[in-house]
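# Remarks on the overall topology
Given next are the chains, with one letter for each unit.
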Amino acid sequence: FQPLTTAMMGGSFVVSMTVGGTPMNVVLDTGASITLSVSSTSLQKIQRCSIDDPPKRIRQRGVNGEEVCSDILLAQVSVGSLDMGTIPILANDTPVQGSDGYAGMGLLRALDMRFEPNRVSVRRSGLPVRAPRGHSEGTCGSTLPSCARTP
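Residues numbered from 1 in each chain as written. Predicted model: local features only at pLDDT ≥ 70, side-chain atom pairs only at ≥ 80, totals over all residues. Heavy atoms only, no water.

Attention now moves to the layout of surface pockets. Within this model, the largest pocket holds a volume of roughly 610 Å³. Contributing elements (two or more residues each) for the lining of the largest pocket: β4 (22-28) and β7 (56-61). Among the residues making up the lining of the largest pocket, the classes are represented as 10 nonpolar, nine polar and three charged. What the second largest pocket holds in volume is close to 160 Å³. In this structure, the second largest pocket is lined by Ser33, Ile34, Ile58, Arg59, Gln60, Gly106, Arg130, Ala131, Pro132 and Arg133. Looking at the lining of the second largest pocket element by element, the count peaks at three residues for β7. Residue composition of the lining of the second largest pocket, by class: four nonpolar, three polar and three charged. (1 Å grid on protein atoms, 1.4 Å probe; cavity = no way out; pocket = protein on both sides within 12 Å on 5 of 7 lines; lining within 4 Å. Points joined across faces, edges and corners; volume = space filled by probe spheres on them. Helix = DSSP H or I, 4+ residues; strand = E, 2+ residues; numbered from the N terminus. Nonpolar A, V, L, I, M, F, W, Y, C, P; charged D, E, K, R; others polar.)

Structure (structure tokens):
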């Protein structure tokens, strides 16, 4: 297991992940089914990403009934020194409070995680990252990050 640098936010672990070449503080959200959602306020930090042709979007619904529209991007993601490869990430049209985003079970299933007081350690589980399901063609209408725009 590899220990990660962690912080706590509202009872949840926050860890550092590299997304498209950019270090980000990401909440581990085992209640979310998606891979990795990035806050609208952090999207422009991503240095390298791409978008499918045609573009795809997905709607997420939170436990409190909030609805978020997310454009699906592709970016290289690392958790600590573990390279997860190029995976689908969700570019949210709304901010995420207190962090750059949140990682759900679509990504976390690819990791074995050991939780201890004030510490999280990870290793590969052998399972693949699971792409989001239930998407449709199009965009959310918000501005895509510059890494996803065609030159």
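Here we take up the nonpolar core. Core analysis: the largest hydrophobic core is formed by 32 residues, its most contacted members being Met17, Val19, Leu36, Ile46, Met84 and Ile89. Those elements giving two or more residues to this core turn out to be β3 (12-19), β4, β5 (36-38), β8 (67-79), β9 (82-92), α1 (105-108) and β12 (119-124). Tallying contributions element by element places β9 first for this core, with five residues. If you look at the next biggest cluster of nonpolar residues, it comprises nine residues, including Val14, Val27, Ile72 and Val96. (Core = buried A, V, L, I, M, F, W, Y, C linked by side-chain atoms within 4.5 Å. Buried < 20%, exposed > 50% of the residue type's maximum accessible area, 1.4 Å probe, protein only.)

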